[in-house]
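Structural features, examined
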Amino acid sequence: MRRRTLDIRCSECGKLIFKYVKYGDGNLVKCHKDRILKDHSEKENRDVKCNCGNVIGKDRPHIIKMKGHAVTVE
Ligand SMILES: [Zn+2]
């Protein structure tokens, strides 16, 4: 399976939120916590946010469920 290291950025301010190792070609629906190489996110209760305040996902056991259109991936 294809393996890529992605820069996941806030779609509001462009700041780097995660460096993430992704397997396969599908859309980024969730991030497995053990594949996050760098984490610049902030947590507030179950919300995972950029430090500009943009909510990018929900904290779940072992994963972060990503919110559509809240990040850009390259
Ligand atoms: Zn931001």
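Residues numbered from 1 in each chain as written. Predicted model: local features only at pLDDT ≥ 70, side-chain atom pairs only at ≥ 80, totals over all residues. Heavy atoms only, no water.

**Looking at the environment of Asp59**
Within the fold, Asp59 resides in strand E7 (residues 55-59). Sequence separation between Asp59 and Asn45 is 14 residues; the distance between their C-alpha atoms is 8.3 Å. Once residues lying within four places of it in the same chain are set aside, the contact partners of Asp59 are Lys33, Arg46 and Val48. Within the structure, the side chain of Asp59 is placed 2.5 Å from the side chain of Lys33, a separation counted as a polar contact. (Helix = DSSP H or I, 4+ residues; strand = E, 2+ residues; numbered from the N terminus. Contact = heavy atoms within 4.5 Å. Polar contact = N/O pair within 3.5 Å; in protein donor to acceptor, adjacent residues only side chain to side chain.)

**With respect to unusual backbone geometry**
Residues other than glycine predominantly adopt negative phi, and peptide bonds predominantly adopt the trans conformation. The phi dihedral of Asn45 falls on the positive side, at around 50°, and the residue is not glycine. Judged by its relative accessible area of 69%, Asn45 is exposed. Even without being a glycine, His62 presents a positive backbone phi close to 75°. Of note, His62 is situated in the loop between E7 and strand E8 (63-66). You can call His62 exposed: its relative accessible area is 64%. (Buried < 20%, exposed > 50% of the residue type's maximum accessible area, 1.4 Å probe, protein only.)

**A closer look at the pairing of E8**
Judged from the 3 bridges that link them, strand E3 (residues 30-32) and E8 form a sheet pairing that is antiparallel. Along E8, the bridge assignment pairs His32 with Ile63. For E7 and E8, the ladder comprises 3 bridges, and the chain directions are antiparallel. Residue pairing in the sheet places Gly57 in a bridge with Met66 of E8. Counting the residues in the hairpin turn of E7 and E8 gives 3 residues, including His62, whose phi is positive at 75°. (Pairing = 2+ DSSP bridges.)

**Regarding the sheet that holds strand E6 (residues 47-49)**
One open sheet holds the 5 strands; their spatial order is E3-E8-E7-E6-E5, and the pairing between them is antiparallel. Here the strands that pair on one side only, and so sit at the sheet edges, are E3 and strand E5 (42-44). Shown here is a sheet whose adjacent strand axes are inclined to one another by a mean of 30°, direction ignored. With 3 bridges joining them, E6 and E7 adopt antiparallel strand pairing. Bridge pairing in E7 places Val48 opposite Gly57. (Axes fitted to C-alpha atoms, helices over the stretch in contact; angles between N-to-C directions.)

**Thoughts on the pattern of salt bridges**
Under the counting rule described, the total for this entry stands at 6 salt bridges. In this structure, Lys49 and Glu44 form a salt bridge, with 2.6 Å as the shortest nitrogen-oxygen distance. (Salt bridge = Lys/Arg side-chain N within 4 Å of Asp/Glu carboxyl O.)

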